[in-house]
Structure formats: structure tokens, C-alpha cells
Amino acid sequence: MTTTQSLTADIRIRIGEIGDADTIHRAILAMGRGLDMAGKVTCTADDYRHFGFGPDAAFGSLIAEVDGGFAGLCLFFPIFSTWRGRPGVFVQDLYVDDRFRGLGIGERLLRDVAAWSKARGGDYLRLEVDVENMAAQRLYERLGITWQTKDRAHAAYGEAFAALAGK
């Protein structure tokens, strides 16, 4: 994309649809490669089709398009703060294709997911970022998404989760 094209690019953000499952999968694989963690991505496009759409969807997605082609993804899910007594949104993945970086797509995706949450009574947004992804951290800080020094994420995966679940 040339500088002239970037200034005139038609950027569109829309809600993801079941037909986007393959695109979502490709974006997550590209993100994994970009973070040198491709081996950790074990999902399939069918996982996204199964869990991301319909009345019991486990996540939502926003798709960014530039001139009709895929440019970025925000994968998110609703959350609730028992302390605040309010819903919010957790951004699981934010991805902008290398060809479209610098056009403000990541910021637009975050603003749109925040607006999505606000329309449903939400009043906060949370996300996590890879400690080495300084460009993303700078973007988040610029948008007022600050590092929470009092919180620490904990997780149980694989065998640890199975043992916790009693299986």
C-alpha cells in the first residue's frame, strides 16, 4: 500500500460473521508467528465456527477491512466486575495485518469494541499484552489503557486445568 493509498483507504469495521472463521484463524496464526509463538496456536477454523457464533457464542469479533480486504481483527468477550457491579469487555486478541499498520486500525478496533460494550451497559475494558510487544503497549497507554500494577494474571491450562476440573 502506497502513502497515497493509505490516505485514501476505505476502512470499515464490522461484526464478525461465521463466514469469517477461516480469516480469524489465519489472523491468529499470523499473530502467533509474529510473536514467535506459532507452536502454541492449536485451534482450528472449526473451533471458531463452533464457539464464536450463535446464541451461546463464547466470543465476539470485529473485522477491519481496507478497500474490501481483511486488515485486522479484535476478538473479545463480555466480562463482569463484581466490585464495580458493571459489565465490561475483555479483548483477547487484537491483530492488524502488517500491510495496514499505521492507519489507526488497531485504535479503531479498540474504540469500536469499547462502544460495543458501552451500548450494553459496560464501563470498562481489559486486555493483556505480551511483555515484549512494546508497540502495542505504547498504543494502549496512549489510549488510556493502563498497566494494572495490583493485578496479576493466573491461568490453568492442559493437565493443570483437567486436574482442577476433576477430570
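Above this text is the structure in question.
Structure report, in brief. Keep in mind that what you see is a predicted model, and the values were worked out from it rather than measured. (Residues numbered from 1 in each chain as written. Predicted model: local features only at pLDDT ≥ 70, side-chain atom pairs only at ≥ 80, totals over all residues. Heavy atoms only, no water.)

Take helix H4 (residues 105-118) next. Because each turn of an α-helix spans 3.6 residues, side chains separated by three or four positions end up pointing in the same direction. The end-to-end C-alpha distance of H4, which contains 14 residues, comes to 20 Å, matching closely the 20 Å that a straight helix rising 1.5 Å per residue would cover. Listed as buried for H4 are Ile105, Gly106, Glu107, Leu109, Leu110, Val113, Trp116 and Ser117. The elements touched by buried residues of H4 are strand S1 (11-15), strand S2 (60-66), strand S3 (69-81), strand S4 (86-96), strand S5 (125-127) and helix H5 (134-142). (Helix = DSSP H or I, 4+ residues; strand = E, 2+ residues; numbered from the N terminus. Expected span 1.5 Å × (residues − 1). Buried < 20%, exposed > 50% of the residue type's maximum accessible area, 1.4 Å probe, protein only. Contact = heavy atoms within 4.5 Å.)

All right, on to the packing of aromatic side chains then. Evaluation of the coordinates by the stated rule reveals five aromatic pairs. Between the aromatic rings of phenylalanine 77 and phenylalanine 90, the centroid separation amounts to 5.3 Å while the plane-to-plane angle is 25°, which identifies the pairing as stacked. With a gap of 13 residues between them, phenylalanine 77 in strand S3 and phenylalanine 90 in strand S4 connect regions that are remote in the sequence. Residue class for phenylalanine 90 comes out buried when judged on its relative accessible area of 14%. Among the aromatic residues, ring-to-ring pairing joins Tyr48, Phe53 and Phe59 into one connected group. (Phe/Tyr/Trp six-rings, centres within 6.5 Å; stacked < 30°, edge-to-face > 60°.)

Turning to the nonpolar core, a few remarks are in order. With 25 residues, the main nonpolar core has Val66, Cys74, Ile105, Leu109, Leu110 and Tyr140 as its most contacted residues. Per-element tally for this core: the top contributor is H4, with five residues. Listed in part, the 13 residues of the second largest apolar core include Ala21, Phe53, Ile63 and Leu73. (Core = buried A, V, L, I, M, F, W, Y, C linked by side-chain atoms within 4.5 Å.)

Before going further, it helps to spend a moment on the sheet that holds S4. The sheet built from five strands is open, its strands ordered S1-S2-S3-S4-S5 with mixed pairing. Only two strands of the sheet have a single neighbouring strand rather than two, namely S1 and S5. Taking the axes of each pair of neighbouring strands and ignoring which way they run, one obtains an average angle of 30° across the sheet. Relative to S5, S4 runs parallel, the two sharing three bridges. Its bridge partner lying in S5, valine 91 is registered against leucine 127. Against the sheet, H4 engages S1, S2, S3, S4 and S5, with an angle of about 160° to S4. (Pairing = 2+ DSSP bridges. Axes fitted to C-alpha atoms, helices over the stretch in contact; angles between N-to-C directions.)

Moving on, we get to unusual backbone geometry. Here the phi dihedral of aspartate 36 falls at roughly 55°; this positive angle occurs in a residue that is not glycine. Here aspartate 36 shows up in the loop between helix H2 (21-34) and helix H3 (45-51). Classification of aspartate 36 as exposed rests on a relative accessible area of 75%. Of note, the phi angle at aspartate 67 is positive, near 50°, even though the residue is not glycine. Position of aspartate 67 among the secondary structure elements: in the loop between S2 and S3.

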